[in-house]
Amino acid sequence: MERETRSHPNELSELPFCSAFAAALPCDPLDRNESRAVAQACYSPVLPTPVAAPRLLAWSDELAATLGIARPGAVDAPAVQVLAGNRLAPGMRPFAARYGGHQFGHWAGQLGDGRAISLGEIGSGVGAGWELQLKGAGRTPYSRHADGRAVLRSSLREFLCSEAMHGLGVPTTRALSLVTTGEPVLRDMFYDGNARPEPGAIVCRAAPSFVRFGNFEIHAALGEDDSLRRLADFVLERHFPEFGPPSPAAYAAMYREVSERTALMVAHWMRVGFVHGVMNTDNMSILGLTIDYGPYGWLEGYDPGWTPNTTDAAGRRYCYGNQPQIAAWNLARLGGALLSLVDDRDSLQQGLEHFGTEFERRYRGMLLQKLGLEALSGEGDDAWLDELFAVLGAVETDMTIFFRRLAQVPLAPGPRVGASSGDDELRRARLAPLVEAFYDPRVLEGEHGLRLAHWLEGLAARALSQARDPLRRAGVMNAVNPLYVPRNYLAQQAIDAATEGDPAPLERLLAVLRRPYEEQPGQESLAARRPEWARNRAGCSALSCSS
Ligand code: AMP
Ligand code: MG
């Protein structure tokens with residue numbers, strides 16, 4: 001069919017949808033859109049609540065090509081009406097998924113899609129099987145006391161970061177569009193009793209599945225054996241067919257695979273300096289995708305204890321350095337939820353241990369690439385690696401710039417830096433490319449400069465002993481050390497402009513972040529250190545959960 005090819009993308013409003021999830025799984029027997037506990041069901045059918053004046057603010061051409069969907073012809077085209085929840089495409093049977101979760105270490109009971117509404121899956125063509133979901137499209141039976149809406153600032157952050165993560169090679173849910181609703185949303189951004197109206201927005205996000213660990217946990221917690229089994233069978237057959245038909249062994253194999261994918265995802269987070277900020281089990285994807293972009297952030301100064309989430313400032317449970325352990329903790333909760341199906345604690349335990357092994361393997365591999373080394377197995381290598389992170393943490397050092405510039409550090413003395421000019425000159429030549437990474441470059445003139453230079457000597461010795469072609473080495477390093485990441489203050493600048501009706505800064509940022517490993521002349525300012533004014537500004541360093 002011609003309409004289904006990439007060169008002839010479909011109008012979203014005419015694209016046929018279906019929903020395997022809704023068709024296969026137990027449905028909420030009550031058809032009432034009011035907050036309540038839902039029993040024995042995987043989802044509740046619910047329609048988006050229409051909005052007053054939707055306008056398309058941003059669009060992901062790249063994802064649209066993957067999905068075979070045409071860019072809307074106007075800011076209020078029929079497709080935009082679909083993306084705002086004002087209209088349905090053929091076959092859409094919208095629903096909110098039911099899930100529970102452990103939040104900040106404690107079982108929180110039923111949560112569910114309180115403001116996300118799945119529209120269904122694309123039924124045919126290049127995008128077949130991708131599920132589209134609107135976030136901020138109105139109340140559902142899982143909204144509790146909240147309004148089911150989302151504000152522009154948090155929606156823009158989700159839109160931007162989803163696509164940036166994809167560009168960085170990090171497994172993630174995607175974002176197709178950002179639509180403003182023309183309706184204000186009341187939010188108390190600083191939780192100080194001063195709620196004020198903010199522009200409302202809706203993100204359309206896409207993934208092969210939005211199932212979370214918490215979808216399983218809710219059935220297990222309430223002893224809903226039948227719906228637990230049906231959910232597990234559905235996810236197994238549809239997303240992990242390689243493990244064969246449902247059986248205890250197949251469920252265990254699926255669990256092991258989820259551990260493996262989660263390990264890969266978190267290793268990537270650590271590689272690029274991403275902090276999710278709210279790693280509750282309801283925010284953990286069964287496909288190992290980064291999901292639910294809320295008070296996330298990017299490490300600027302390297303600090304394993306840093307979290308962008310003000311709600312977590314005291315305990316720092318979800319800080320950068322804790323992410324691997326928290327992922328394992330969350331996987332243990334998923335294992336607990338699957339226990340009645342697998343009925344074999346040992347195989348689940350092995351699946352969980354697989355996370356640790358895989359994370360170490362993946363992260364170590366990425367770290368080697370970041371340093372441009374083939375292997376690290378010599379005596380003293382571990383201590384030398386520990387010293388790297390100690391050095392990075394000792395003074396404020398921009399993680400992204402530091403690693404990116406490492407490829408420019410001269411290993412051997414160059415022609416200008418002959419043995420006769422002494423160690424001093426070589427030391428200076430090695431530190432020079434890294435100066436940009438320091439928020440106070442004067443530290444390099446003192447003790448810290450000597451310490452870093454000593455560590456760089458270790459790097460040079462190791463790299464030279466591995467005799468890799470220098471150009472090839474730099475290529476490997478530059479392919480894993482991004483030049484551009486969506487720094488918190490850059491996202492905030494895009495939000496400020498978008499709030500004034502100007503999408504250009506967002507578009508520029510999105511375009512650059514499509515190719516985060518490539519130098520893009522004219523875009524140097526987007527790769528620079530965070531400016532001082534952004535150090536303590538709301539949204540630029542710390543974020544509340546208010547969204
Ligand atoms: P989050 O912290 O964004 O992962 O959300 C936790 C739970 O709260 C999920 O069940 C969300 O659907 C729900 N939630 C968050 N914000 C809202 C809102 N504005 N309206 C309704 N439900 C919400
Ligand atoms: Mg969530």
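Residues numbered from 1 in each chain as written. Chains lettered and ligands numbered in written order. Predicted model: local features only at pLDDT ≥ 70, side-chain atom pairs only at ≥ 80, totals over all residues. Heavy atoms only, no water.

Undergrad: So, the confidence of the model for the chain: which residues are in play, and what are the values?
TA: On average, residues of the chain carry a pLDDT of 95, and 97% of them reach 70 or more. Scored below 50 in pLDDT, residues 1-7 shows eleven contacts in the model against residues more than four places distant or in partner chains. (pLDDT = per-residue confidence, 0-100. Contact = heavy atoms within 4.5 Å.)

Undergrad: Could you give an account of the pairing of strand β7 (residues 116-122), with specific residues and numbers?
TA: Within β7, seven of the seven residues are buried, leaving the element largely enclosed by the surrounding structure. Bridge analysis of strand β1 (residues 17-18) against β7 gives two bridges, and the strand direction is antiparallel. When the sheet's bridge partners are listed, Phe17 is paired in β7 with Ile122. Bridging between β7 and strand β8 (residues 131-135) involves five bridges; their strand directions are antiparallel. Across the sheet, the residue bridging to Ile117 is Leu134, located in β8. (Buried < 20%, exposed > 50% of the residue type's maximum accessible area, 1.4 Å probe, protein only. Helix = DSSP H or I, 4+ residues; strand = E, 2+ residues; numbered from the N terminus. Pairing = 2+ DSSP bridges.)

Undergrad: Which residues make up the domain arrangement of the chain, and what values do they have?
TA: Interfaces are frequently sized by the accessible area removed from exposure as the parts join. Domain annotation for the chain reports domain 1 (12-214), domain 2 (245-371), domain 3 (381-467) and domain 4 (488-534). The C-alpha-based centres of domain 2 and domain 4 are spaced at 29 Å. Between domain 2 and domain 4, the residue contacts involve seven residues of the former and four residues of the latter. Of the roughly 410 Å² buried between domain 2 and domain 4, counting both surfaces, carbon and sulfur atoms make up 27%. (Domains from an automatic or database assignment. Buried area = accessible area lost by both parts, 1.4 Å probe.)

Undergrad: An account of the coordination of the magnesium ion (ligand 2) is requested, with residue identities and associated values reported.
TA: Under perfect tetrahedral coordination by four donors, a metal shows angles of 109.5 degrees; under perfect octahedral coordination by six donors, it shows angles of 90 or 180 degrees. At 2.0 to 2.2 Å from the magnesium ion (ligand 2) lie its protein donor atoms, namely Asn283 (OD1) and Asp292 (OD). No difference in accessibility class separates Asn283 from Asp292, as the two residues are buried. (Donors = N, O, S within 2.8 Å, 3.2 Å for Na, K, Ca; no water.)

Undergrad: Residues and numbers for the site of ligand 1, please.
TA: The environment of ligand 1 is formed by 17 residues, the closest being Gly112, Gly114, Arg144, Asp147 and Gly148. One of the backbone nitrogen or oxygen atoms of Arg149 is found 3.2 Å away from a nitrogen atom of ligand 1. A distance of 3.1 Å is found between an oxygen atom of ligand 1 and a side-chain nitrogen or oxygen belonging to Asn283. Summarising the interface, the protein chains cover 80% of the accessible area of ligand 1, which totals 480 Å² for the free molecule. Looking at which domains feed residues into the shell around ligand 1, each of domain 1 (12-214) and domain 2 (245-371) gives three or more. (Near = heavy atom within 4 Å. Polar contact = N/O pair within 3.5 Å; in protein donor to acceptor, adjacent residues only side chain to side chain. Areas by Shrake-Rupley, 256 points an atom, 1.4 Å probe, with all protein chains shown as cover.)

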